[in-house]
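A structural walkthrough
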Amino acid sequence: MSGTEAVPHSTRNPSRGRFASFWKWVFAALLVGVALLAGVAVYLDSVVQEKFSGKRWTVPAKVYARPLELFEGQTLKLEDLVTELEALGYSREEIVDRPGEMLVAHNVVELQSRGFQFYEGAEPARRLRVRFSGDTVVELSQPGADVVAVARLEPILIGGIYPAHNEDRILIQIEQVPRYLVETLVAVEDQAFFDHWGVSPQSIARAIWVNLSAGELLQGGSTLTQQLVKNFYLTNDRTLARKATEAIMAVLLELHYEKSGILEAYLNEVFLGQDGSRAIHGFGLASQYFFNQPLAELKLHQIALLVGMVKGPTYYNPRRHPERALERRNLVIDVLAEQGAITPELAAAVKQKPLDVSRHGRMADSSYPAFLDLVKRQLREDYREQDLTEEGLRVFTSFDPIAQSNAEQAMSQTLKRLGKNKGAEDIEGAMVVTNPTTGEVQALLGSRDAGFAGFNRALDAVRPIGSLIKPAVYLTALEKPSLYTLTTVINDEPLTVELDDGQVWTPRNYGRQAHGKVLLYEGLVHSYNLATANLGLEIGVAQVLETLERLGIERDWPVFPSMLLGAGALTPVEVAGMYQTLANGGFNTPLRAIRSVLNAQGEPLKRYPFKVEQRFDPGAIYLTQFGLQRVMREGTGRSAYDQLPDTLSLAGKTGTTNDSRDSWFAGFSQDLLAVVWLGRDDNGKTPLTGATGALQVWTDFMDRADPSALEPPTPTSVHHVWIDTQTGLQTDRRCPAAMHIPYIRGTEPPAGPGCGLSAPAESMMDWVKGWVQ
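From a predicted model like this one, the values you see are computed outputs, not experimental measurements.

What counts as what
- Residues numbered from 1 in each chain as written.
- Predicted model: local features only at pLDDT ≥ 70, side-chain atom pairs only at ≥ 80, totals over all residues.
- Heavy atoms only, no water.
- Helix = DSSP H or I, 4+ residues; strand = E, 2+ residues; numbered from the N terminus.
- Contact = heavy atoms within 4.5 Å.
- Areas by Shrake-Rupley, 256 points an atom, 1.4 Å probe, with all protein chains shown as cover.
- Expected span 1.5 Å × (residues − 1).
- Buried < 20%, exposed > 50% of the residue type's maximum accessible area, 1.4 Å probe, protein only.
- Pairing = 2+ DSSP bridges.
- Axes fitted to C-alpha atoms, helices over the stretch in contact; angles between N-to-C directions.
- Disulfide = S-S within 2.5 Å.
- pLDDT = per-residue confidence, 0-100.
- Salt bridge = Lys/Arg side-chain N within 4 Å of Asp/Glu carboxyl O.
- Parallel < 35°, antiparallel > 145°, perpendicular 65-115°, else oblique.
- Left-handed = near helix turned anticlockwise from the far one by under 90°.
- Nonpolar A, V, L, I, M, F, W, Y, C, P; charged D, E, K, R; others polar.
- Patch = residues over 30% accessible without salt bridge, like charges linked within 9 Å, V, L, I, M, F, W, Y side chains within 5 Å.
- Lys, Arg positive; Asp, Glu negative; His and termini not counted.
- Charge placed at Lys NZ, Arg CZ, Asp CG, Glu CD.
- Phe/Tyr/Trp six-rings, centres within 6.5 Å; stacked < 30°, edge-to-face > 60°.
- Lys NZ or Arg CZ within 6 Å of the ring centre and 35° of its normal.

**Some thoughts on the overall build of the chain**
Counting its secondary structure elements, the chain contains 23 helices and 33 strands. Pairs at least 24 apart in sequence give 69% of the contacts found in the chain among residues at least 6 apart. Accessible area of the chain: about 36400 Å², with a carbon and sulfur share of 52%.

**Some words on helix 20 (residues 572-583)**
Count 3.6 residues to each turn of an α-helix, and residues three or four apart come out pointing the same way. In this model, helix 20 (12 residues) spans 16 Å end to end at C-alpha, consistent with the 16 Å of a helix rising 1.5 Å per residue. For helix 20, the buried fraction is high: 11 of the 12 residues fall into the buried class. Within the span of helix 20, buried status applies to P572, V573, V575, A576, G577, M578, Y579, Q580, T581, L582 and A583. G585, located one to two residues past helix 20, shows a positive phi value of around 70°.

**With respect to the sheet that holds strand 1 (residues 61-64)**
The five strands are arranged 11-1-15-25-26 in an open sheet whose pairing can be described as mixed. Edge positions in the sheet fall to strand 11 (157-161) and strand 26 (604-607), since each of these pairs with one other strand and no more. With strand direction ignored, the average angle separating the axes of adjacent strands in the sheet is 20°. Pairing of strand 15 (residues 394-397) with strand 25 (residues 594-598), which is carried by four bridges, proceeds in the antiparallel orientation. Each bridged residue has a counterpart across the sheet, and for R394 the counterpart in strand 25 is L598. Strands in contact with helix 12 (residues 369-379) are strand 1, strand 11, strand 15 and strand 25; relative to strand 11, the strand with the most contacts, it is inclined by about 50°.

**Overview of the state of the cysteines**
Throughout the structure, instances matching the rule amount to one disulfide. With its sulfur 1.9 Å from that of its partner, C735 forms a disulfide with C755. Given an S-S torsion of about -85°, the disulfide between C735 and C755 has left-handed geometry. One end of the pair, C735, is in the loop between strand 32 (729-730) and strand 33 (738-744); the other, C755, is in the loop between strand 33 and helix 23 (761-772), and 20 residues separate them in sequence.

**Points about the confidence of the model for the chain**
When pLDDT is averaged along the chain, the result is 87; 87% of the residues meet or exceed 70. Throughout residues 1-7 the model reports pLDDT below 50, and contacts reaching past four residues in sequence, or to other chains, amount to zero contacts. In this model, residues 361-365 is a region of pLDDT below 50 whose contacts with residues beyond four sequence positions or in other chains number 19 contacts.

**Considerations on the sheet that holds strand 32**
Strand order in the open sheet made by the three strands is 32-31-33, with antiparallel pairing throughout. Two strands bound the open sheet, and with one partner strand each, they are strand 32 and strand 33. Bridge analysis of strand 31 (residues 718-724) against strand 32 gives two bridges, and the strand direction is antiparallel. Across the sheet, I723 pairs through a bridge with Q730, a residue of strand 32. Here helix 21 (residues 618-634) sits on the sheet in contact with strand 31 and strand 33, set at roughly 155° to strand 33.

**Quick word on the pattern of salt bridges**
Taken as a whole, this structure holds 37 salt bridges when the rule is applied. For the salt bridge of R595 with E440, the shortest nitrogen-to-oxygen distance reads 2.9 Å. Separated by 155 residues along the polypeptide, R595 in strand 25 and E440 in the loop between strand 16 (428-434) and strand 17 (441-445) bring together distant segments of the chain. With a closest N to O distance of 2.5 Å, E479 and R550 form a salt bridge. With E479 in the loop between helix 16 (470-478) and strand 19 (489-492) and R550 in helix 19 (residues 541-551), this pair connects stretches of sequence that are 71 residues apart. The exposure class of E479 is partly exposed, given its relative accessible area of 28%. Shared partners join several salt bridges into a network, and the residues in it are E110, R127, R129, R131 and E139.

**Some details on the packing of helix 5 (residues 224-233) against helix 7 (residues 259-269)**
At a minimum axis distance of 10 Å, the contact between helix 5 and helix 7 shows a crossing angle of 50°. Relative to helix 7, the element helix 5 lies oblique. The interaxial crossing formed by helix 5 with helix 7 has left-handed handedness. Contacts between helix 5 and helix 7 involve L224, T225, Q227, L228, N231 and F232 from the former and I262, L263, A265, Y266 and E269 from the latter. Residue classes in the contact of helix 5 with helix 7 are distributed as seven nonpolar, three polar and one charged.

**Here's the deal with the environment of W505**
With respect to the helices, strands and loops of the structure, W505 is situated in strand 21 (residues 504-505). When the C-alpha atoms of W505 and F560 are compared, they prove to be 9.7 Å apart, with 55 residues separating the residues in sequence. For W505, the residues in contact, after removing those within four places along its chain, are L495, T496, V497, L499, A533, L537, P561, S562 and L565.

**Thoughts on unusual backbone geometry**
The backbone of N683 shows a phi angle near 65°, a positive value even though the residue is not glycine. Here N683 shows up in the loop between strand 30 (673-679) and helix 22 (690-705).

**So, a negative patch on the surface**
On the surface, a cluster of negative charge is made up of E79, D135, D703 and D706. You can see D706 is positioned in the loop between helix 22 and strand 31.

**Comments concerning the packing of aromatic side chains**
The final tally for this structure, using the stated rule, is 11 aromatic pairs. Each ring, one from Y64 and one from F396, has its centre 5.3 Å from the other, and the planes form 15°; the classification is stacked. With Y64 in strand 1 and F396 in strand 15, the pair connects residues that are 332 residues apart, well separated along the chain. Both rings, one in F116 and one in F118, keep their centres 5.0 Å apart while their planes meet at 55°; by these two values the pair is tilted. Here F116 and F118 have matching classes, each one buried. Of the aromatic side chains, those joined through ring pairs into one cluster are Y64, F116, F118 and F396. One cation-aromatic arrangement involves R152 over F118; the distance from NZ or CZ to the ring centre is 4.0 Å.

Following this line, the structure appears as structure tokens:
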């Protein structure tokens, strides 16, 4: 052996070291990945909880019509009640045993109301029997119970105030859903919903197998929870990153919340259709949109249709594609039968039912854009835009669907007739209908096309009012009873007024003829321009403008003589406000469309009571009303009685501007006031006067509305006497030209020669009674 010892070779394996180093890096990467995943999970968890535990949705304000009140003695047509019930989604049945059902037999309507939370409190759901005799309710009772004094139906939802993203929904609670809805939804969309933790491996595997076998994407593996996450938190991007995020958030959602809460959120969030630019979200709103019924009232075949539409709301839209929708609905029913949720016999019977989708494909708000425009303007005086579009306010209005329907039909039918007979095809129109006592706006047309949502002529068309101003001129004179009575002689003679700028104002009568000496009331009744101008200049233009201000006109008009004949311009709603004061006995009541507002929880926020202020002497107003009643009997409004009964006392005034560019009529009964304007948007000439145009629309409306006759109470300061209209002196009531005319006591004219008749004892007694009254 050598003296030098050999050095042994190293036993270290280089490849083994490299392998160990690799796993160290892998382990480190895993740690980093886990850390990153944990960070992502923590972030996603905060996102999930923050939105799901807080305010989940912005809910638009809902706007309701007035509730229809029922009581014995009420003037109401049976067909109008049925029309309103149908608008509320009541279904006709042979037996009434559920809310939202009615039975119509001869002159009786039986119904089961739904009940409703009003500002004043809750109106209970109850069964009612309404019996009619002609156009009058003669009995209101509960079957087998006592007579009901008064009952209110739930109000019709007429629209909403929507945010920029145009999403809409009616929020529901899981306890409110009808039988079969949850069962059907789970059976079709996620059979393992009550067993999985947000994701379902079985569903994913089944979807992969189906899609691979078909060579295309036919089925998804998303659970209801994943669908909710996608709709609630994420976008519709089809990427792996989005799907992974969806799965993580679904698991997190299930960890924090009960299945019932997740299901409730899904029922409110799912997209089920499009109403123009507005998205229909949730089963609550979809039920109203497609069936015009509350969700709780839906039957199995309707529920099956909505659940079937979840897969593709546009593709299975029952109004556009009824065959597809029917096939899909029946498939859903078959799935229920296969899973034992319903019997084969029930499935077969349900599949025989029609789709039962309501006729109109748009929500009610698109039907009444002019009135909703007025409501929004009044609401914005008290609420922020964000409150109106996000807080779910419930706004109760004075809107009367029956009055609105009458106004729409009167406008469309009359303009159609005028277009044929007078060449007025391109005439536009506006109409305002109010309650003369309360000032509540009951109907509003901003165009001849009731569904037109553009320029609202009722609120924004500022047009010269012509002879509509004349009652203000005569009211100003009649407020001076020592100088003017209805039979004071005034001049209907030509006049010329030189203005400050050197121009000359020379008014003329419509027929280009002067009538000389006329009685004051005749100037108003026949709308004589010369008589009105002479009277107005005599009492002063400034005085007339002050009267207009007290009538409710808030415009700063110049003190020009032409204002006496309607050169000033107003909107139809301003004219309605002016005539409101004339119709209400001199009490000014600002027009209003809103009655009250509740928050989303049904708690009262604000009430809008009507305000009233006495601005005129009742006697002067009564005399002016008399003149307006004579307008209808013998003046420019007399053609109304070609269609209306002679027993119906009405008051009103026509208005026509230069070259017939504007046709106006404003008139009222005891319980209705309506203003109509017709004209061209370009201010062009029309073939219509106030009498041949607007009055015809107004008359048609009144004929449909069946108003109460105007019977104003006689003020204590007023006394009626018989007057010879030829001389303006007192006469016997039996004389040919005798008229019973009111006067402020002490201003009656002296007795005239009469007509050669001796006054019988009873005539003298009538005179004494009249003086006492």
